[in-house]
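Here's the letter readout for the chains.
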Amino acid sequence: MSDSKHLQDLVTQVRRDILRQVHKVNSGHPGGSLGCAEFFVALYQKLMDRNDSFSMDGKGEDLFFLSNGHISPVFYSVLARSGYFPVEELNTFRLLDSRLQGHPTTHEGLPGIRVASGSLGQGISVAIGAAQTKKLNNDSHLIYTLCGDGELQEGQNWEAIMYAAGNGIDNLIVTIDLNGQQIDGSTENVLPLGNVKGKFEAFGWDVLEIKKGNDLDAVIEGMQEAKERTGKNKPVCVLLHTVMGHGVDFMMHTHAWHGKAPNDEQLETGLAQNPETMGDY
Amino acid sequence: MKKYTDSGKKDTRSGFGAGLTALGKSNENVVALCADLTGSLKMDEFKENHPDRFFQVGIAEANMIGMAAGMTIGGKIPFTGTFANFSTGRVYDQIRQSVAYSGKNVKICASHAGVTLGEDGATHQILEDIGLMKMLPGMTVINTCDYNQTKAATLAIAEHDGPVYLRFGRPKVANFTPEDQTFEIGKAVQLQEGNDVTLVATGHLVWEALQAAETLNEQGISAAVINIHTIKPLDSEAILKSVRKTGCIVTAEEHNFLGGLGESVARELAESTPTPQEFVATKDTFGESGTPEQLMEKYGLNADAIVKAALKVIARK
């Protein structure tokens, strides 16, 4: 099997995992999770230099922080399928006594998670801190983080964005999931984000766009380009254009599935559109 | 009675600064972050000695707390510095999620606590910070009484693995604890033995409690004085041991009586040893502009207020 086919199969399987996790407990956030399946697979399977075993300190490896913690289903699926914990544990998503809390936490000791997220707007700051420590430790590895686009409405982000540029945090790649949707509707209707690229550039960031954020090859190529732009005294921002709900036709191009689980029939439809490739958990 | 001598008034924030300077030399993992108040927090010397380990974040406290949480990943021990108000209320959710819930080894160091920062007024005088911080699971809450103890506490919290809130202040207050003390987190310090009333104080009101005990002694009343520098975890055994002897207690703190040391003590007593208690604290109010002495007098936070509370609580026995 070619590497490309394998990764595409993994993306499809991750989409099945997302749908099955949220369906089982009738809660969770499938929309943004589905839209970011390609990004997570690319990150964990192609881009990040990761150690074999998990340690909180993450010395000598690239680190990832999820700022928009509500897309935990895609994060958990990719972590499990990248070997951080047994895939069967996806069965415990959002259940009592589970390590797979509704939003990611370190509290229950789930390997792969280095900070709690869910209350929005905090991930870039944490990522900057981790990036500073990498520099202090003379560790040349990179820090990645993902934020939602609606999340940019939180003010803390702009404190962090100003700091990173002002202090040349150039071992950091912040990706913004530009799907144009948030809970109450489109970002355009809720609170327009304006020119996101122009804003990051005005703050002093090096910005690149991945127009086809649900095309695995395009994501890999774009993120590799982002990697090449690190180390040049500027933080790097990737604007990742995705479709919320991608891969499940009735969930696409709407905010309706931001935080709603499919019923039995909808699950079957969604799974039929994403046939089993690597074995369900 | 034991005699305590003020070796010369000093501000507790300078004790923090001195502790941080010492840590800079002794522990290479200690890093410091400040939100545009380097001089006020007395962090200048650390900054000069270790420019590579000092991070000026600007007027952006939320980012500072998040960065501090991130810096622990890879083994650094971040000390954040700003006023108590901006260290707690302004960044409560950042502390809650990124530091406390995430179990990060961040030391939140807060100066200018309470009304005694003085003339700046209530926008800067937080009286709710102990309550906010002690409610966070896993957070250690420390309020030191003088320069020497603040320096010792600063050194001690670097050795403690876990989030800490260290509270100190702006005014120059009596410096009476030993210069070479070892600071034990969670261990109360019994300053006076006594049989008639227990005075439990935190922060610079410990000195006021010692003065109150002397006044009470002149009236033939034997007052125990306990310095509670660590509000959480609370050394309840030290308090219970004393009240079993005295049968009544006064708590004293520069903080709202809602959520402060007094409430923590009251809960401990209610659970095992119901005891008459009086609260020397602010009474659900904001502060205002004035000199520290004027404000302590107006808000009932001095030795006179402790004496009155002691006489009142003894009468309730």
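Residues numbered from 1 in each chain as written. Chains lettered and ligands numbered in written order. Predicted model: local features only at pLDDT ≥ 70, side-chain atom pairs only at ≥ 80, totals over all residues. Heavy atoms only, no water.

- Per an unreviewed UniProt entry, chain B goes by the name Transketolase and belongs to Cochleicola gelatinilyticus.
- UniProt annotates chain B under Cofactor (unreviewed entry) with the comment "thiamine diphosphate".
- Per UniProt, the comment on chain B under Sequence similarities (unreviewed entry) is "Belongs to the transketolase family." (UniProt positions renumbered as here; feature names shortened; annotations may be inferred.)

- For chain A, an unreviewed UniProt entry supplies the name Transketolase and the organism Cochleicola gelatinilyticus.
- UniProt annotates chain A under Sequence similarities (unreviewed entry) with the comment "Belongs to the transketolase family."
- On record in UniProt, under Cofactor (unreviewed entry), the comment for chain A is "thiamine diphosphate".

### Observations concerning the pairing of strand 4 (residues 77–83) of chain B
Residues and elements named next belong to chain B.
Logical step 1: Among the seven residues of strand 4, seven are classified as buried, and the element is accordingly described as predominantly covered.
Logical step 2: Of the pairings in the sheet, the one linking strand 2 (residues 30–34) to strand 4 comprises five bridges and is parallel in character. Bridge pairing in strand 4 links Ala 32 to Phe 79.
Logical step 3: Bridge count for strand 4 against strand 5 (residues 107–111) is five bridges, and the pairing is parallel. Counted as the bridge partner of Gly 81 is Cys 109 from strand 5. (Buried < 20%, exposed > 50% of the residue type's maximum accessible area, 1.4 Å probe, protein only. Helix = DSSP H or I, 4+ residues; strand = E, 2+ residues; numbered from the N terminus. Pairing = 2+ DSSP bridges.)

### Things to note about the interface of chain A and chain B
By convention, interface size is frequently given as the accessible area that disappears when the constituent parts associate.
Logical step 1: Contacts between the two partners involve 30 residues from chain A and, on the opposite side, 27 residues from chain B.
Logical step 2: Carbon and sulfur atoms supply 54% of the area that chain A and chain B bury against each other, a total of about 2200 Å² over both sides.
Logical step 3: Counting the contacts that link chain A with chain B gives 19 residue pairs in polar contact (both at pLDDT 80 or more).
Logical step 4: When contributions to the side of chain A that touches chain B are tallied by element, the ones reaching two or more residues are strand 1 (63–66), helix 5 (123–136) and helix 6 (155–166) of chain A.
Logical step 5: Sorting elements by how many residues they give to the side of chain A that touches chain B places helix 5 of chain A first, with eight residues.
Logical step 6: Residue classes in the side of chain A that touches chain B are distributed as eleven nonpolar, 14 polar and five charged. (Contact = heavy atoms within 4.5 Å. Buried area = accessible area lost by both parts, 1.4 Å probe. Polar contact = N/O pair within 3.5 Å; in protein donor to acceptor, adjacent residues only side chain to side chain. Nonpolar A, V, L, I, M, F, W, Y, C, P; charged D, E, K, R; others polar.)

### With respect to the UniProt feature "domain: Transketolase N-terminal" (unreviewed entry) in chain A
Logical step 1: UniProt marks residues 9–267 of chain A with the feature "domain: Transketolase N-terminal" (unreviewed entry), using the numbering shown here.
Logical step 2: Regarding residues 9–267 of chain A, the helix share stands at 38% and the strand share at 12%, and the terminal C-alpha atoms are separated by 19 Å.

### Comments concerning the pairing of strand 2 (residues 143–148) of chain A
All names here are of chain A.
Logical step 1: Where burial is concerned, most of strand 2 is hidden: six out of the six residues are buried.
Logical step 2: Because side chains alternate across strand 2, one face comprises the buried residues Ile 143, Thr 145 and Cys 147, and the other comprises Tyr 144, Leu 146 and Gly 148, equally buried.
Logical step 3: In terms of strand pairing, strand 1 meets strand 2 through four bridges, oriented parallel. When the bridges of strand 2 are listed, Leu 63 appears paired with Ile 143.
Logical step 4: Bridge analysis of strand 2 against strand 3 (residues 172–178) gives six bridges, and the strand direction is parallel. Opposite Ile 143, over in strand 3, you have Leu 172 as the bridge partner.
Logical step 5: The handedness of the strand 2 to strand 3 crossover, carried by helix 6, is right-handed. (Right-handed = clockwise from strand over helix to strand, strands pointing away.)

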